[in-house]
Amino acid sequence: MRNTALDMSRLSTVDAAHAAHVLHQVRAATLAGQRPPIPPRPVIDASWQRMLRLGLDPDRSTSSVLLQRDELEHRRRSTVLAEVMRTLSGGLTAIADASLQIMVVTDCQGRVLWREGNAGVLRQADTICLEEGAAWSEDSTGTNAIGTALAARRPVQVHSAEHFVHTLHNWTCAAAPVQDPRDGRLLGIVDVSGPASSFHPATLALVRSVAQLAAAELRERHLRQIERLRSVAAPILCRVGGRALAVDVHGWTAAVTGMAPVDRLPLPKSFRAGRVWLPSLGMCTVEPLPGGWLVRPDESRPAESASRVVLDLSRARRWTVAVYGPAGSWTQELSPRHAELLYVLAVRRQGRTAAELAGDVFGDPTRTVTVRAEMSRVRRYLSGVLAHRPYRFSDEVDVEVVRPAHPADLLPHSSAPAVARARAEARPQPGAG
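Residues numbered from 1 in each chain as written. Predicted model: local features only at pLDDT ≥ 70, side-chain atom pairs only at ≥ 80, totals over all residues. Heavy atoms only, no water.

Participant: Mind showing me how you'd approach the pattern of salt bridges here?
Facilitator: Throughout the structure, instances matching the rule amount to 26 salt bridges. The salt bridge partner of Asp298 is Arg275, with a shortest N-O separation of 2.9 Å. A residue pair is termed long-range when its members are at least 10 positions apart, and Asp298 in the loop between strand S10 (292-297) and strand S11 (308-312) and Arg275 in strand S8 (residues 274-278) qualify at 23 residues. Where salt bridges share partners, they join Arg69, Glu73, Arg76 and Glu132 into one cluster. (Salt bridge = Lys/Arg side-chain N within 4 Å of Asp/Glu carboxyl O. Helix = DSSP H or I, 4+ residues; strand = E, 2+ residues; numbered from the N terminus.)

Below, the structure written as structure tokens:
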């Protein structure tokens, strides 16, 4: 395996002891700032660098203060993941049990809400505090599949010495995020963990598939809710004069009259009944409906243009764009892809063509169809501040980017070339200094 890229599939074909030795060599050299015999996988290397910047001790314990029982039950009742636990458990628990592993489900903060699987492994998991109520985010437990999947917003497998904390070197884990299809919000992580001897590269694909199945079930539930709202809203819209639309609490359109239909109307977090300013519609009158809202744009005055945009990328897992105008402000949470696109446009104020954005985000200038589709979605909630041909922030708008405290922590999930270059410029080179 020397002088070749580290690959989990190839790792499984070599002697377990030799594979563990190679991973320990890679980890020791990388963390010492030296050139390793084989480069670590990019997702692992990025996580290790975050741990070094945090000053996390690799010899620390993985113990954490557990949630109190009432707080644990409250989180279980509050999360949408409770609605798909039967799907997650049915897809993974029996397989985990048979392969001497366990299934773990956490919330979006990395707190363990449920765990099931092999009884012997559950007892072993207690010794590393992989138990209900424990914290498994990166800043609590170092590089691990749960915490790193939270940070990277992507499925991750972490094996043996790829874990930052020594205590976990006898473990292997594979985890995938579960996202809410209604708003793209990260709900939590589903993970399969076990002794390092239970490692198999296909585990990650299995976990990813079950996470996608759970998201599909949530999507189907949402469609049924939209249909119920439509049946309530349709007769009301027939009596409304002028433009109006009925949306659910996440902004998805159930019915519309007098205006072009849109799939979704992005709503501010503090959305309420009364007079509300929305960048795409201007001043609106909002009334409650069972399961949603009736939104009527003000016909008597034109939409007021925004004057300032703040793109907040300072946090590890939650990014927002805030729009400020004469009638007030409005904030929208961003998906990982939209955060990447807006970052590029914020630092390239002269604008980018679809081909240039495709190169910036995908490393492939030919993926213009995907870029145009994503930018169409972005412009639904930023139509007043984003222009196109080329895509750019309007000249009249002041744009501020709030970056993380350390530039190398910029959008840690992202593999976009433009973002990766910005992070690389902030990272010291091996042997420097």
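Back to the write-up after that little detour.
Participant: I'm lost on the environment of Gly359 in this one. Help?
Facilitator: Position of Gly359 relative to the elements: it lies in helix H11 (residues 354-362). The contacts of Gly359, once residues within four sequence positions are left out, are Asp364, Pro365 and Pro417. (Contact = heavy atoms within 4.5 Å.)

Participant: How should I be thinking about the packing of helix H10 (residues 336-347) against H11 in this particular structure?
Facilitator: Between H10 and H11, the shortest axis-to-axis distance is 10 Å and the interhelical angle comes to 120 degrees. Our classification of the angle between H10 and H11 gives oblique. Crossing hand, H10 versus H11: right-handed. Between H10 and H11, the residues in contact are Arg337, Glu340, Leu341, Val344 and Leu345 and Leu357, Asp360, Val361 and Phe362, respectively. (Axes fitted to C-alpha atoms, helices over the stretch in contact; angles between N-to-C directions. Parallel < 35°, antiparallel > 145°, perpendicular 65-115°, else oblique. Left-handed = near helix turned anticlockwise from the far one by under 90°.)

Participant: Explain empty space enclosed by the protein to me, please; I cannot follow it from the model alone.
Facilitator: One way to see where empty space is left: roll a probe the size of a water molecule over the atoms. Applying the stated criterion across every chain yields a total of three cavities of 30 Å³ or more. Space inside the largest cavity adds up to approximately 70 Å³. Lining the largest cavity, in full, are Ile128, Leu130, Trp136, Asn144, Ala145, Ile146, His163, Leu168, Trp171, Cys173, Asp191 and Ser193. Those elements that place two or more of their residues in the lining of the largest cavity are helix H8 (145-152), strand S4 (171-179) and strand S5 (186-195). Taken together, the residues that form the lining of the largest cavity break down as eight nonpolar, three polar and one charged. (1 Å grid on protein atoms, 1.4 Å probe; cavity = no way out; pocket = protein on both sides within 12 Å on 5 of 7 lines; lining within 4 Å. Points joined across faces, edges and corners; volume = space filled by probe spheres on them. Nonpolar A, V, L, I, M, F, W, Y, C, P; charged D, E, K, R; others polar.)

Participant: Explain the sheet that holds strand S3 (residues 156-159) to me, please; I cannot follow it from the model alone.
Facilitator: Within a sheet, neighbouring strands are paired by backbone hydrogen bonds and run either parallel or antiparallel to one another. In spatial order, the strands read S2-S1-S5-S4-S3; together these five strands make up an open sheet with antiparallel pairing. Each edge of the open sheet carries a strand with a single partner, namely strand S2 (112-117) and S3. With direction set aside, neighbouring strand axes in the sheet form an average angle of 15 degrees. For strand S1 (residues 102-107) and S2, the ladder comprises five bridges, and the chain directions are antiparallel. Across the sheet, the residue bridging to Thr106 is Val112, located in S2. With respect to the sheet, helix H6 (residues 119-127) is in contact with S1, S2, S4 and S5, its orientation differing from that of S2 by roughly 145 degrees. (Pairing = 2+ DSSP bridges.)

Nothing here speaks to function; it is all geometry.
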